[in-house]
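Examination of the molecular architecture
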Amino acid sequence: MHYKLLTPGPLTTTDSVKQSMLRDYCTWDDEYKTLVEDLRAKLLQINNLDASVYTTVLMQGSGSFGVESVITSVLKDSDKLLVLGNGAYGRRIEEIAVKAGKQVSALHFSDTEIVDVEQVDNFLSENEDITHVAFVHCETTTGILNPLEQICNVIKKHNKTLIVDAMSSLGGIPIDIAGLNIDFIISSANKCIQGVPGFSFIIAKAVELEKCKGVSKSLSLDLYAQWETMQNDCGKWRFTSPTHVVRAFYQALNELIEEGGIEARFKRYSENQTTLVENMKRIGFECCLDEQFHSPIITTFLYPENEKFSFQSLYGYLKKFGFIIYPGKLSNLQVFRIGNIGEIYKEDIITLTTIIEKYYNEELLGENNV
Ligand SMILES: *Cc1c(COP(=O)(O)O)cnc(C)c1O
């Protein structure tokens, strides 16, 4: 059975993306390297970036490897990082920095509240030794969308190097990377661009990357060294490149462009998300977040107040119909998540919620027993 994954990635991909992997490539072959170069150029194009200012680096591994590569290759021992956190992925950035022995401070916000820009402003005024600030755009923990523009503006007002984890938003939500003066932005192959898992990518200002030479204490996660090889050897990766994944990503990127680019995809995801929330509320479910904080990426719902409900029972019920949903990730609230990204359309959401309604009536209200 082919499942539709309503998860934050890996997610449902098109048949054409899957089929593009049915061929073997050699990593140093010119045809493959040309594809990598084209892919890197397209990543800049879809984000309206000037190739003389911004550049891209592809890095093996899942999204966290990309984040770790940036944090450990950009921050020198004398630098000091501030992490803004309102979820598990913000905490992961902090953990990466601590493990790497970097100087790090954090401002923690509740997982159900957006990053408070005024607090960030005050903290940066009082702590002038901070050199870099990192935060998550869409916190996939809850699906909360942090106010990107306001946060970037306040960080740049204080002249800090700006690192954005846009793992679950880049490609699905328009981001004015150049306009917001973002220095490093990180995403991965298996989120809104709709590829398969296997590498992450970093879009960065070339002048900022130039400063990273020799900083990393890791050989394989050295962002500068990876960039240098890709630049000098026209699309070559230093170590074995995930060739099939790269080919699938290239196909996915072309499909994003065919769909109408990031704006069109944003519209589709948004429609999925509003349809989902509308239908779930009608059935009797409640959203975990204040709706003004919702992203079009993934939505968190509270467990219904019904003793017959369990995530496992809903999960198993939906799986039989070909849908995979996602557990919650909050310590203080009983929640589950439904994603809207991937090759998913409004009709899929309508089918899904019709099945959830059936589950609700049969399993929770026991209507089939009456
Ligand atoms: C998916 C994701 C990551 C990376 O997670 P991996 O499991 O390493 O791919 C990081 N940050 C955010 C916000 C994410 O959604």
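Located above this text is the structure these notes cover.
Let us look at the structure shown here. Values in this document were obtained by computation on a predicted structure and should not be read as measured data.

Glancing now at the packing of aromatic side chains. Going through the model one piece at a time under the given rule, you end up with 16 aromatic pairs. Ring centres of Phe 199 and Phe 249 lie 5.1 Å apart, and the angle between their planes is 70°; on these two criteria the pair is classed as edge-to-face. Taken together, the positions of Phe 199 in strand β10 (residues 199-205) and Phe 249 in helix α9 (residues 243-259) put the pair 50 residues apart, joining distant regions of the chain. Aromatic ring contacts, followed pair by pair, group Phe 285, Phe 301, Tyr 303, Phe 309, Phe 311, Tyr 315, Tyr 317, Phe 321, Phe 336, Tyr 359 and Tyr 360 into a single cluster. If you follow Lys 191 out to its NZ or CZ, it ends over the ring of Tyr 89, 5.8 Å from the centre.

Taken in spatial order, the seven strands make up an open sheet running β2-β10-β9-β8-β5-β3-β4, and their pairing is mixed. The sheet terminates laterally at β2 (54-60) and β4 (103-108), the two strands that pair on one side only. Along the sheet, successive strands turn relative to each other by an average axial angle of 20°, direction set aside. Bridging between strand β5 (residues 132-136) and strand β8 (residues 161-165) involves five bridges; their strand directions are parallel. Residue pairing in the sheet places Ala 134 in a bridge with Ile 163 of β8. Packed on one face of the sheet, helix α2 (residues 30-46) meets β2 and β10 and runs near 125° to β2. Lying over the sheet, helix α3 (residues 63-74) contacts β2, β3 (80-85), β5, β8, β9 (184-188) and β10, oriented at roughly 160° with respect to β9.

Time to look at the pairing of β3. Summarising burial for β3: six of the six residues are buried, a large majority. Neither face of β3 is open: one carries Lys 80, Leu 82 and Leu 84, the other Leu 81, Val 83 and Gly 85, and all of them are buried. When β3 meets β4, the two strands line up parallel, connected through six bridges. The partner of Leu 84 across the bridge, within β4, is Leu 107. Handedness of the crossover joining β3 and β4 through helix α4 (residues 88-99) is recorded here as right-handed. In this structure, β3 lies alongside β5, joined through four bridges in parallel fashion. For Leu 81, the partnering residue across the bridge sits in β5 and is His 132.

Once that is clear, we can look at the sheet that holds strand β13 (residues 326-327). Across the sheet, which stays open at both edges, the three strands sit in the order β11-β14-β13 with antiparallel pairing between neighbours. The open sheet has two edge strands with one neighbour each: β11 (298-302) and β13. Bridge analysis of β13 against strand β14 (residues 335-339) gives two bridges, and the strand direction is antiparallel. Opposite Tyr 326, over in β14, you have Arg 337 as the bridge partner.

Glancing now at the side chain of Ser 295. Residue placement: Ser 295 occurs in the loop between α10 (261-283) and β11. Looking at Ser 295, the relative accessible area reads 1%, which means it is buried. Within the structure, the side chain of Ser 295 is placed 2.7 Å from the backbone oxygen of Gly 143, a separation counted as a polar contact. Excluding residues within four positions of it along the chain, Ser 295 makes contact with Cys 138, Gly 143, Leu 145 and Gln 273.

Glancing now at the packing of helix α11 (residues 311-320) against helix α12 (residues 346-364). Interaxial distance between α11 and α12 falls to 10 Å at its minimum, and their mutual angle equals 130°. Judged by the inter-axis angle, α11 sits oblique to α12. For the pair α11 and α12, the crossing hand works out as right-handed. When α11 is examined against α12, the residues Ser 313, Leu 314, Tyr 317 and Leu 318 are found in contact with a partner set consisting of Leu 352, Ile 355, Ile 356, Lys 358, Tyr 359, Glu 362 and Glu 363.

What follows is about the site of the ligand. In the vicinity of the ligand, the contacting residues are Ser 62, Gly 63, Ser 64, Tyr 89, Arg 92, Val 136, Cys 138, Thr 140, Asp 165, Met 167, Ser 168 and Lys 191. In the model, an oxygen atom of the ligand is placed 2.5 Å from a nitrogen or oxygen of the Ser 62 side chain. For the ligand, an oxygen atom lies 2.7 Å from a polar atom in the side chain of Lys 191. Starting from 380 Å² of accessible surface for the ligand in isolation, the protein chains cover 85%. Put simply, the parts of the chain that give the shell around the ligand at least two residues each are α3 and α4. Across the shell around the ligand, the residue classes break down as four nonpolar, five polar and three charged.

Within the element layout of this structure, Leu 180 appears in the loop between β8 and β9. Here the alpha-carbon distance between Leu 180 and Leu 148, two residues 32 residues apart in the chain, equals 8.6 Å. Not counting chain neighbours up to four residues away, the residues in contact with Leu 180 comprise Leu 148, Glu 149, Cys 152, Asn 153, Lys 156 and Leu 162.

Criteria and thresholds
Each chain has its residues counted from 1, running along the sequence as written. Totals for whole chains, interfaces and linings use all residues, but because this is a predicted model, local features are given only for residues with pLDDT of at least 70 and pairs of side-chain atoms are given and counted only at 80 or more. Calculated side-chain values reflect all of the structure's heavy atoms, with hydrogen atoms and water omitted. Any Phe, Tyr or Trp ring, taking Trp's six-membered ring, that has another such ring centre within 6.5 Å forms a pair; planes under 30 degrees apart are called stacked, those over 60 apart edge-to-face, and the others tilted. Here a helix means four or more residues in a row that DSSP labels H or I, a strand means two or more in a row labelled E, and each is numbered from the N terminus. Consider the ring centre and the ring normal. A charge sits over the ring if Lys NZ or Arg CZ is within 6 Å of that centre and within 35 degrees of that normal. At least two bridges found by DSSP between two strands are what make those strands a pair. Lines fitted to C-alpha atoms define the axes, with helix axes restricted to the stretch in contact, and inter-axis angles between N-to-C directions lie between 0 and 180 degrees. We call two residues contacting when some pair of their heavy atoms lies within 4.5 Å. Each residue's exposure class comes from its accessible area (1.4 Å probe, protein chains only) as a fraction of the maximum for that residue type: buried when under 20%, exposed when over 50%, partly exposed otherwise. Here a crossover is taken to be right-handed if, once the strands point away from the viewer, the path from the first strand over the helix to the second is traced clockwise. Counting of polar contacts relies on pairs of N or O atoms within 3.5 Å, with two restrictions inside protein: one atom must be capable of donating a hydrogen and the other of accepting it, and residues adjacent in sequence are counted only when both atoms are side-chain atoms. Each angle gets one of four labels, with under 35 degrees taken as roughly parallel, over 145 as roughly antiparallel, 65 to 115 as roughly perpendicular, and the rest as oblique. It is the rotation of the near helix from the far one that decides the hand of a crossing: anticlockwise by less than a right angle makes it left-handed, clockwise makes it right-handed. Whether a residue is near a molecule or strand is decided by its heavy atoms; if any one of them lies within 4 Å of it, the residue is near. To measure how exposed things are, a 1.4 Å probe is used in the Shrake-Rupley method; for residues, cover is taken only from the protein chains shown. Under the convention adopted here, Pro, Cys and the residues Ala, Val, Leu, Ile, Met, Phe, Trp and Tyr are nonpolar, Asp, Glu, Lys and Arg are charged, and Gly plus all remaining residues are polar.

None of this, on its own, says anything about what the molecule does.
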